[in-house]
Amino acid sequence: MLRFLAATVAARSVVEVGTGAGVSGIYLLRGMVGDGVLTSIDVEGEHQRVAKESFAEAGIPSGRARLITGRALDVLPRLTDGAYDLVFCDAAKAEYGDYLREALRLLRPGGVLAFDNALWHGRVPDPANRDSETVAVRELLRQVHDDERLTAVLVGAGDGLLAAVKGA
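Anyway, here's the lowdown on the structure attached to this text. This structure is a prediction, so every number in the text was calculated from the model and none was measured.

Section: the packing of helix H5 (residues 96–106) against helix H6 (residues 132–146)
- The interhelical angle for the contact between H5 and H6, taken along N-to-C directions, is 30 degrees, at an axis separation of 9 Å. Relative to H6, H5 is oriented roughly parallel. Residues Tyr 96, Gly 97 and Leu 100 of H5 touch H6, and the partners they reach there are Val 137, Leu 140, Gln 143 and Val 144.

Structure, rendered in structure tokens:
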């Protein structure tokens, strides 16, 4: 799905919040144009190291990935407004609302935002689940649904992926 989304917008510049082992980054990079650059942010330096190895093993040139170690909400405000084609978030669920605000600022018109774990292990649809992470994901879904600048889809495969295109 990430490869598809990146290819759909012919992505040249993508931001990823939550590098992990680099798996999602590989899919994003494979969907991007040949000279596209992924900016991936993770608070864990070890994640960045593993992702760098994963990218190399996948044959991705080192210049196509800019890995930034740091807290996403400290790094995102330093990125350029309207300069990105896609923003993908898979990090602290409690910060999803803040990531949405930053993604809307970073995306060009026609750009796509995507959030992983939009069903949060099946907890989101059950109103009895009131833990802070579930509530944060539920609130994100409401915010995206209510934002007239966005046209959204919730993909129910896996743990759910929320994707939306930003209008003009």
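Some words on the pairing of strand S2 (residues 37–42)
- Of all six residues that make up S2, five are buried, and the element is covered over most of its length.
- Of the pairings in the sheet, the one linking strand S1 (residues 13–17) to S2 comprises five bridges and is parallel in character. Residue Val 17 lies in a different strand from S2, and its bridge partner there is Ile 41.
- Taken together, S1, helix H2 (residues 23–31) and S2 form a β-α-β motif whose crossover is right-handed.

What counts as what
- Residues numbered from 1 in each chain as written.
- Predicted model: local features only at pLDDT ≥ 70, side-chain atom pairs only at ≥ 80, totals over all residues.
- Heavy atoms only, no water.
- Axes fitted to C-alpha atoms, helices over the stretch in contact; angles between N-to-C directions.
- Helix = DSSP H or I, 4+ residues; strand = E, 2+ residues; numbered from the N terminus.
- Parallel < 35°, antiparallel > 145°, perpendicular 65-115°, else oblique.
- Contact = heavy atoms within 4.5 Å.
- Buried < 20%, exposed > 50% of the residue type's maximum accessible area, 1.4 Å probe, protein only.
- Pairing = 2+ DSSP bridges.
- Right-handed = clockwise from strand over helix to strand, strands pointing away.

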